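# Structural characterization, general
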Amino acid sequence: MTTQTQAARSSAVTADRLRSSAAALRRRASRLKIVLGAVLAGVVVVPILLANVLPLPDPLEQDLSQRRLPPLTDGHLFGTDQLGRDLLSRILHGGQVSLTIGVLAVLVSGVVGVIAGAAAGYYGRWVDAVVSRLLEAQMSVPLLLLLLLVVALFGPSITVITLVIAFAQWPEPARLTRAMVLVEREKPYVAAARVLGLRRAAVLVRHVVPNIVNQVVVVMLLLLAQAVLLESALSFLGAGVERPHPTWGRIISDGQGYITTSWWLVTLTGLVIVLLVVGVNLLGDGLRDRVSRSRSAKGEAQ
Amino acid sequence: MARYLALRVAQSLFTVFLIVSTVFVLVRLAPGDPAAAVGGPTATTEDLQAIREELGLVGSISQQYWHFITGLVQGDLGLSYSFRQPALDVVLDRLPYTITLAGAAILLTALIAIPLGIFTARRANSGWDVGANIGTIAGQSMPEFWTGIMLLTLLAVVVPIFPASGFTSWSGLVLPAVTIALLQIALISRLVHREMAGNLAAPYVTVARSRGVAERALTWRYAFANSSIPVVTALGTRFAAMLNGVVVVEVVFAWPGIGSLVVRALETRDYPLIQATVLVTSLLAIGVQLLVDLLYPLFDPRVRVGKAVSR
């Protein structure tokens, strides 16, 4: 409850001062996005993290006499599903699966992307040629089809789904890192470090990458939002982590058949996904604005 | 120009070849016997052997690959199990539906996203700008399958304006196209906004304004003309990606296109059908991208010399 009033207050402040200068407005817009994003994401993430300690029914416990109870009945805040399982508990446990896969996938794709992008940008020549061709080729791949095929062939385990999502996402950090390293390697400090006798790899790892890494890290939040959406789309299409684990996509796909009689199954689950993804996206976008502004304030070209 | 075109076509064909080969390898790397999956629990040893022969799963990997490639060149991708007809025909039958849906969605996107992006860019750093910024972030945060089901429930079940599924009349196109466009409008209008804001703040626009060029001309003939290449590229890329199957939306709306075909082919492990789909869709997607590249000179005289665009 307190978190909601906080969001309302900060947005009201911004609306009040909309007529001030452009720079001030930009700063305030990014602050609004960061605060709003943190609140929205927090509203979803905190209960998900606490799902195991909160006094909730087991997400797998069926009670056929309690089928499809509407929200707010018999202590079921979000109601129950077609097998009498508590919907809130299932959404929160499904969220654990989504967040685990999302965070792991972003870490994997981030590490792979930064390494590939940094090597391509720094070493150029054949390294760049190979990485750039791979990035181009992936744009023409029927991606979702390939991901579905891999999951169908290798089984819907958390590992497979994580790797599949990481594969879909590595081009973004790779492209970004490559572009930034291309600019960074021409700067005087790189030449200076070389003159001081540092090896090329050492300059890259100890000096160039640390200088760009926080911009890439900020983009990771946006990738996390995409990863959560992709995971839910895969599980909606039947390529989610195997039953009985609840996943967001499957709760919605199972609930689709009951939409006219039990609206809450699809509606509430979808709203939770939207809240989380909007929150993470706003947070990431706001932080990116702030990071790129502090860089340009220091007189560095993007 | 002809040389550049030939190079690009060769490159594209090579990429398609790589993609198709990857799928070939993936299918064979997978654990378990595809023949057993196809034949079901009642299949006898002879049945399984027959299925393997039909699948091109006999002999060494290199023999299988040769068999597959020679078939590919002749346009023979095998029989689809679930449809009992040539896999390629099944895919080509479904193709017009996906092209129609993707075309409608991209048209809707362009018609709304371009004016929206220009409108907010001309009011940069105002409440409109911030509002549109947050609105588009929200727009790209909604899962398509969820917005699809919601639109379907509200506008086809609760208030029955549109048909609920399939392609029975042209009005059946509205809801799936709108579902896809909602996400694409968010993405494209952000791009239009970024490009336009950058161009409108560029020195050449300031100079033109000081010489008395009207705001309308500044917006369209100056800034928009210079923003059109990235925007057209993005629209083309999005359209190409949609031809790869608007899988989720087609499934939600039971649209008889490539996307819903893919999901069915995967469920039934219909390998020839999967391979045919991959081939057709990647050929199309790459073809569209090539076409977009070739259209650049129409939008920007600077690239009319016949060189690749290097931005």
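Predicted, not measured: the structure shown is a model, and the values here were computed from it.

## Examining the overall build of chain A
- Secondary structure assignment for chain A yields 11 helices and 0 strands.
- The linear arrangement of helices and strands in chain A, starting from the amino end, is α-α-α-α-α-α-α-α-α-α-α.
- Counting all 302 residues of chain A, 51% fall into the buried class.
- Counted over contacts in chain A with a minimum sequence separation of 6, partners at least 24 positions apart contribute 71%.
- Element-wise, carbon and sulfur atoms account for 64% of the exposed surface of chain A, whose accessible area totals about 14000 Å².

## As for the interface of chain A and chain B
- At the junction of the two partners, chain A supplies 43 residues and chain B supplies 45 residues.
- Summed over both sides, the interface between chain A and chain B buries roughly 3700 Å², with carbon and sulfur atoms accounting for 79% of that surface.
- The largest per-residue losses of area from chain A upon contact with chain B belong to Ser-140, Leu-145 and Leu-153 of chain A, which jointly make up 16% of the total buried on that side.
- The interface formed by chain A and chain B includes 4 residue pairs in polar contact (both at pLDDT 80 or more).
- Secondary-structure elements contributing two or more residues to the side of chain A that touches chain B are helix 2 (22-49), helix 4 (125-140), helix 5 (143-154), helix 9 (200-236), helix 10 (248-255) and helix 11 (264-297) of chain A.
- Residue contributions to the side of chain A that touches chain B peak at 12 residues, all from helix 11 of chain A.
- Among the residues making up the side of chain A that touches chain B, the classes are represented as 31 nonpolar, 8 polar and 4 charged.

## Let's talk about the UniProt feature "transmembrane region" (unreviewed entry) in chain B
Residues and elements named next belong to chain B.
- Mapped onto the present numbering, the UniProt feature "transmembrane region" (unreviewed entry) falls on residues 12-30, 97-119, 145-164, 170-188, 239-258 and 278-299.
- Helix makes up 100% of residues 97-119 and strand 0%, and the two end C-alpha atoms of the span are 33 Å apart.
- Annotated as residues 170-188, this span is 79% helix and 0% strand, and its ends, taken at the C-alpha atoms, are 26 Å apart.

## Considerations on the packing of helix 5 (residues 87-122) of chain B against helix 12 (residues 258-267) of chain B
Residue and element names in this part refer to chain B.
- Viewed as axis vectors pointing N to C, helix 5 and helix 12 meet at an angle of 140°, and their least axial separation amounts to 8 Å. In terms of their interaxial angle, helix 5 and helix 12 are classed as oblique. Listed contacts from helix 12 to Val-90, Val-91, Arg-94, Leu-95 and Thr-98 of helix 5 are Ile-258, Gly-259, Ser-260 and Leu-261.
- Looking at the contact of helix 5 with helix 12, its residues break down into 5 nonpolar, 3 polar and 1 charged.

## Overview of the nonpolar core
- Ranked by size, the top nonpolar core spans 149 residues in total, and within it Ile-165, Leu-234, Trp-248 and Ile-252 of chain A together with Phe-145, Met-196 and Ile-274 of chain B carry the most contacts.
- Other than its neighbours up to four places away in sequence, Trp-248 of chain A contacts Ile-48, Ile-91, Gly-94, Gly-95, Ser-98, Val-228, Ser-232, Ser-235, Thr-269, Val-272, Ile-273 and Leu-276 of chain A.

## Remarks on the pattern of salt bridges
- According to the stated counting rule, one finds 9 salt bridges over all chains in the structure shown.
- As a salt-bridge pair, Asp-285 of chain A and Lys-33 of chain A come within 2.9 Å of each other at their nearest N and O atoms. You can see Asp-285 of chain A sitting in helix 11 and its partner Lys-33 of chain A sitting in helix 2, a full 252 residues away along the chain.
- For Asp-285 of chain A, a relative accessible area of 4% gives the class buried.
- Here Asp-285 of chain A and Arg-288 of chain A are joined by a salt bridge, their closest N and O atoms 2.8 Å apart. With Asp-285 of chain A and Arg-288 of chain A both in helix 11 and 3 residues apart, this pair spans about one turn of that helix.
- Classification of Arg-288 of chain A by relative accessible area gives partly exposed; the value is 33%.
- Where salt bridges share partners, they join Lys-33, Asp-285, Arg-288 and Asp-289 of chain A together with Arg-190 of chain B into one cluster.

## Focus: helix 5 of chain B
- Its 36 residues place the ends of helix 5 of chain B 51 Å apart at the C-alpha level, agreeing with the 52 Å of an ideal helix rising 1.5 Å per residue.
- The sharpest bend along helix 5 of chain B reaches about 30° and sits at Leu-95 of chain B, with the proline Pro-96 of chain B one to four residues further on.

## A short note on the side chain of Ser-141 of chain B
- Relative to the helices and strands, Ser-141 of chain B is located in the loop between helix 6 (127-139) and helix 7 (144-158).
- Assessed through its relative accessible area of 0%, Ser-141 of chain B is described here as buried.
- Within the structure, Ser-141 of chain B has its side chain in polar contact with the backbone oxygen of Ile-137 of chain B (distance 2.6 Å).
- Discounting residues that sit within four places of it in the chain, Ser-141 of chain B has contacts with Leu-229, Val-274, Val-277, Val-278 and Asn-281 of chain A.

## Examining the UniProt feature "transmembrane region" (unreviewed entry) in chain A
Residue and element names in this part refer to chain A.
- With numbering aligned to this structure, UniProt lists the feature "transmembrane region" (unreviewed entry) at residues 34-54, 97-123, 143-168, 216-241 and 261-283.
- As annotated, residues 143-168 has a helix share of 88% and a strand share of 0%, and its two end C-alpha atoms lie 7 Å apart.
- In residues 261-283, the share of helix is 87% and the share of strand is 0%. The end C-alpha atoms are 36 Å apart.

## Section: the packing of helix 8 (residues 174-200) of chain B against helix 10 (residues 215-243) of chain B
Residue and element names in this part refer to chain B.
- Running from N to C, helix 8 and helix 10 cross one another at 150°; their axes reach a closest spacing of 9 Å. Looking at the two axes, helix 8 sits roughly antiparallel to helix 10. Crossing handedness for the pair helix 8 and helix 10: right-handed. The segment helix 8 lies against helix 10, with Ile-180, Gln-184, Leu-187, Ile-188, Leu-191, Val-192, Glu-195, Met-196, Asn-199 and Leu-200 engaging Thr-219, Ala-223, Phe-224, Asn-226, Ser-227, Pro-230, Val-231, Ala-234, Leu-235, Arg-238 and Met-242.
- Taken together, the residues of the contact of helix 8 with helix 10 break down into 14 nonpolar, 5 polar and 2 charged.

## Things to note about the environment of Asp-47 of chain B
Residue and element names in this part refer to chain B.
- Among the structural elements, Asp-47 can be located in helix 3 (residues 45-55).
- For Asp-47, a relative accessible area of 37% gives the class partly exposed.
- Once the C-alpha coordinates of Asp-47 and Ala-36 are considered, the two residues, 11 residues apart in sequence, prove to be 9.4 Å apart.

## Some details on the UniProt feature "domain: ABC transmembrane type-1" (unreviewed entry) in chain A
- Under the UniProt annotation, the feature "domain: ABC transmembrane type-1" (unreviewed entry) is placed at residues 95-284 of chain A.
- Secondary structure over residues 95-284 of chain A splits into 83% helix and 0% strand, and the C-alpha atoms at its two ends are 19 Å apart.

Scoring rules and cut-offs
Residues numbered from 1 in each chain as written. Chains lettered and ligands numbered in written order. Predicted model: local features only at pLDDT ≥ 70, side-chain atom pairs only at ≥ 80, totals over all residues. Heavy atoms only, no water. Helix = DSSP H or I, 4+ residues; strand = E, 2+ residues; numbered from the N terminus. Buried < 20%, exposed > 50% of the residue type's maximum accessible area, 1.4 Å probe, protein only. Contact = heavy atoms within 4.5 Å. Areas by Shrake-Rupley, 256 points an atom, 1.4 Å probe, with all protein chains shown as cover. Buried area = accessible area lost by both parts, 1.4 Å probe. Polar contact = N/O pair within 3.5 Å; in protein donor to acceptor, adjacent residues only side chain to side chain. Nonpolar A, V, L, I, M, F, W, Y, C, P; charged D, E, K, R; others polar. UniProt positions renumbered as here; feature names shortened; annotations may be inferred. Axes fitted to C-alpha atoms, helices over the stretch in contact; angles between N-to-C directions. Parallel < 35°, antiparallel > 145°, perpendicular 65-115°, else oblique. Core = buried A, V, L, I, M, F, W, Y, C linked by side-chain atoms within 4.5 Å. Salt bridge = Lys/Arg side-chain N within 4 Å of Asp/Glu carboxyl O. Expected span 1.5 Å × (residues − 1). Bend = angle between axes of the 7 residues up to and from the residue. Left-handed = near helix turned anticlockwise from the far one by under 90°.

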